[in-house]
Amino acid sequence: MPYNTSLTHSIPAFLGRTKSLLSLGLVTLFIVLVVAGCGDGKGADQRIREVVEAWTGTGLAEFNTSAAVAVAEDLPASISVIEAALAEGITRNLNWAIVDTQEVEGGKIRAEVQLEAPFNIQIGDIAASYNLRFKYNLLVRGDVVEEAVLVLDSLNLISASPLLPTPTLPAPTPRPTPTETAPPPTPSPRPSITPFPTRQPTATTRPAPTPTQMPPAPTLTPVLVHEGKPNVVSFPDAQGQLALTAHWEIVIEGPSVIAVDYPFVESDDLEVFVTFKAADPQAKLTSVVIKGPGKQELASTKDVDLLWRSAFTIQETGVHRILLNPPVATGDMTVNLLITFHLTAPTQ
């Protein structure tokens, strides 16, 4: 039987075609797997970044309040002022970075995120800049943040500029106690140049008539506000020493003299800072007066244009009164009164 040479040649050709098809199939499978692994072309890190970026737009709405309460311990401003400043800083200036990611069960990813929110605090016309740094632990599933936990120990307030000026404050010049003005003395009659033995009428200088004085305007009864319960925070004094600052934010409606009572301790050094806002750009505080427990005047000023600073030493332990007297003709004004002290009074 003759040997079929066509069959022997067809087997290697068939095997060659089979290897080519297998190689093509493997290449195709590899391409499919790569495309499938890449999905829409985004890596896992990029996807997490997009999820975190979307979360920062809405997920920090509840953060402002809790952070403002913590920050208020270090800043002489009300919680509402700090909360508003933080909200603006987070909306406009928030910076963030992913510190670490870790895959957990169920295909979820745990991401640690470091955030920083620069913000400004303004009291009157005095402003300061701060950075608040903090961390969140996020649990990400797909494109959704399922859980966000604030790391409380990570809250770190960094001052970018001081809030209050820190020069050494000069000792206030004591204001003399006003005394009643005595009426002008009646001039004595001018004697005649040549004396006469008999009494003759002589020319006399007639005293000027005393002008009729208008009755003084009734004194407004001081309105006691805040009952001695301001926002007190730990804050350094002008020399950088540890101190406490009490902050009152007072709205004065119309011509009302406002009285603020607060206890201080004998021999304690106080620093006073007063500023205000008013709709009328020409408005001034008519006077600020600080009196001790015995009603003695310790410090005072007139016509506060923008702000007033003073420093003095407490002479007697007890409740002191601060009187804020606005101008008679003006609209409402908001006064910020800050008093820095070092010793807490036992009656507080």
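Notes on the structure in this doc start here. (Residues numbered from 1 in each chain as written. Predicted model: local features only at pLDDT ≥ 70, side-chain atom pairs only at ≥ 80, totals over all residues. Heavy atoms only, no water.)

### Some details on the packing of aromatic side chains
Tallied over the full model, the rule gives 9 aromatic pairs. Among the aromatic residues, ring-to-ring pairing joins Trp55, Phe63, Phe134 and Tyr136 into one connected group. (Phe/Tyr/Trp six-rings, centres within 6.5 Å; stacked < 30°, edge-to-face > 60°.)

### As for the sheet that holds strand 6 (residues 231-234)
One open sheet holds the 5 strands; their spatial order is 6-7-14-9-12, and the pairing between them is antiparallel. Of all the strands in the sheet, the pair left with one neighbour each is strand 6 and strand 12 (307-313). Strand after strand, the sheet turns through a mean of 20 degrees between neighbouring axes, direction not considered. As paired elements, strand 9 (residues 269-278) and strand 12 share 7 bridges and run antiparallel to each other. Its bridge partner being in strand 12, valine 274 is matched across the sheet by tryptophan 308. (Pairing = 2+ DSSP bridges. Helix = DSSP H or I, 4+ residues; strand = E, 2+ residues; numbered from the N terminus. Axes fitted to C-alpha atoms, helices over the stretch in contact; angles between N-to-C directions.)

### A look at the pairing of strand 13 (residues 318-325)
Side-chain positions along a regular strand alternate between the two faces of the sheet. Two elements, strand 8 (residues 258-264) and strand 13, share 7 bridges in a ladder whose sense is antiparallel. Opposite phenylalanine 264, over in strand 13, you have glycine 318 as the bridge partner. Sheet topology note: the strand 10 (residues 285-291)/strand 13 ladder contains 5 bridges and is antiparallel. Bridge pairing in strand 13 places lysine 291 opposite arginine 321.

### Some remarks on the nonpolar core
Counting 34 residues, the largest nonpolar core has Leu60, Phe63, Ile82, Leu115, Phe119, Phe134 and Tyr136 as its most contacted members. Other than its neighbours up to four places away in sequence, phenylalanine 119 contacts Val71, Leu75, Ala85, Leu86, Gly89, Ala128, Ser129, Tyr130, Leu132 and Leu157. Counting 30 residues, the second-largest nonpolar core is a separate cluster that includes Val260, Leu270, Phe276 and Met333. (Core = buried A, V, L, I, M, F, W, Y, C linked by side-chain atoms within 4.5 Å. Buried < 20%, exposed > 50% of the residue type's maximum accessible area, 1.4 Å probe, protein only. Contact = heavy atoms within 4.5 Å.)

### Some words on the environment of glutamine 241
Note on placement: glutamine 241 falls in the loop between strand 6 and strand 7 (244-252). By relative accessible area, glutamine 241 is classed as partly exposed at 48%. Sequence separation of glutamine 241 and histidine 342 is 101 residues, and the distance between their C-alpha atoms is 9.1 Å. The contact partners of glutamine 241, leaving out residues within four places of it in the chain, are Phe235 and Pro236.

### Description of the sheet that holds strand 10
With mixed pairing, the 5 strands of this open sheet are ordered in space as 5-8-13-10-11. The strands lining the two open edges of the sheet, one partner per strand, are strand 5 (223-224) and strand 11 (297-304).

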